[in-house]
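Close look at the chain arrangement
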Amino acid sequence: DFKSLMDQGAMIVDVRTTNEFASGHIRGAVNVPLDSIRSKAAELKKKNKVIITCCRSGNRSSIAKGILTSAGITAYNGGAWDSLERKIL
């Protein structure tokens, strides 16, 4: 349940490109494009938060979730950002 994860302080990481993110995103989400997620994993881990990834359709966020999980971060694939937004409101 993504809403309860958010209530417990989870962080949303949107892995779309900067331009995609600029065209609309979930309020409070952090934009870390998929091509830079691996290099930002240590920085994200320091935040010590559960991460919910999202993108346009769920494909890139699934890849990002795997990368973050491999880095020792508790992560969930939130899928498409617009449907995730409806689930957490």
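Preceding this section is the structure that the text describes.
Residues numbered from 1 in each chain as written. Predicted model: local features only at pLDDT ≥ 70, side-chain atom pairs only at ≥ 80, totals over all residues. Heavy atoms only, no water.

Overview of the pattern of salt bridges
Applicable threshold: For this analysis, a salt bridge means a side-chain nitrogen from Lys or Arg found within 4 Å of a carboxyl oxygen belonging to Asp or Glu. Elements are defined by DSSP. Helices are runs of H or I of four residues or more, strands are runs of E of two residues or more, and each kind is numbered from the N terminus. Only protein chains enter the accessibility calculation, which uses a 1.4 Å probe; a residue is then buried when its area is under 20% of its type maximum, exposed when over 50%, and partly exposed in between.
Using the criterion set out here, one finds three salt bridges in the structure. For K3, the salt bridge identified is with D7, shortest N-O distance 3.8 Å. Of the two residues, K3 and D7 are both situated in helix α1 (residues 2-7); the distance of four residues between them amounts to about one turn of the helix. By relative accessible area, K3 is classed as partly exposed at 32%. Residue D7 is classed as exposed on the basis of its relative accessible area of 60%. As a salt-bridge pair, D14 and R16 come within 2.8 Å of each other at their nearest N and O atoms.

Brief notes about the nonpolar core
The condition that has to hold: Take the buried Ala, Val, Leu, Ile, Met, Phe, Trp, Tyr and Cys residues and link them wherever side-chain atoms come within 4.5 Å; each set so joined is a nonpolar core.
Formed by 14 residues in total, the largest nonpolar core has its most connected members in V13, V15, I37, L44, I51, L68 and I73. Among the elements of the structure, β1 (11-14), α3 (34-46), β3 (51-55) and α4 (59-70) are those that each provide at least two residues to this core.

Topic: the sheet that holds β3
We apply this condition: Between any two strands, at least two bridges found by DSSP are needed for them to pair. Contact definition: two residues touch when any of their heavy atoms are within 4.5 Å. Here an axis means a line fitted to C-alpha atoms, over the contact stretch when the element is a helix, while the angle between two N-to-C directions is reported on a 0 to 180 degree scale.
Strand order in the open sheet made by the four strands is β2-β1-β3-β4, with parallel pairing throughout. Edge positions in the sheet fall to β2 (30-31) and β4 (75-80), since each of these pairs with one other strand and no more. Of the pairings in the sheet, the one linking β1 to β2 comprises two bridges and is parallel in character. Bridging across to β2, V13 finds its partner in V30. Its contacts with the sheet place α4 against β3 and β4, and it is angled at close to 150° to β3.

A short note on α3
Rules: In this scheme, a helix's expected span is set at 1.5 Å multiplied by one less than its residue total.
In this model, α3 (13 residues) spans 19 Å end to end at C-alpha, consistent with the 18 Å of a helix rising 1.5 Å per residue. For α3, the set of buried residues is S36, I37, A41 and L44. Positioned one or two residues after α3, N48 has a phi angle of 55°, which is positive.

Here's the deal with the pairing of β3
Short version of the rule: A crossover counts as right-handed when, viewed with the strands pointing away from the observer, the path leading from the first strand over the helix to the second turns clockwise.
Most of β3 sits inside the fold, with five of its five residues counted as buried. Here β3 shows no split at all, with I51, T53 and C55 on one side and I52 and C54 on the other all buried. Relative to β4, β3 runs parallel, the two being bridged by four bridges. Bridging from a neighbouring strand, I52 pairs with Y76 of β4. In this fold, β3 hands off to α4, which returns the chain to β4; that crossover is right-handed.

Don't take any of this as a statement about function, it's just geometry.
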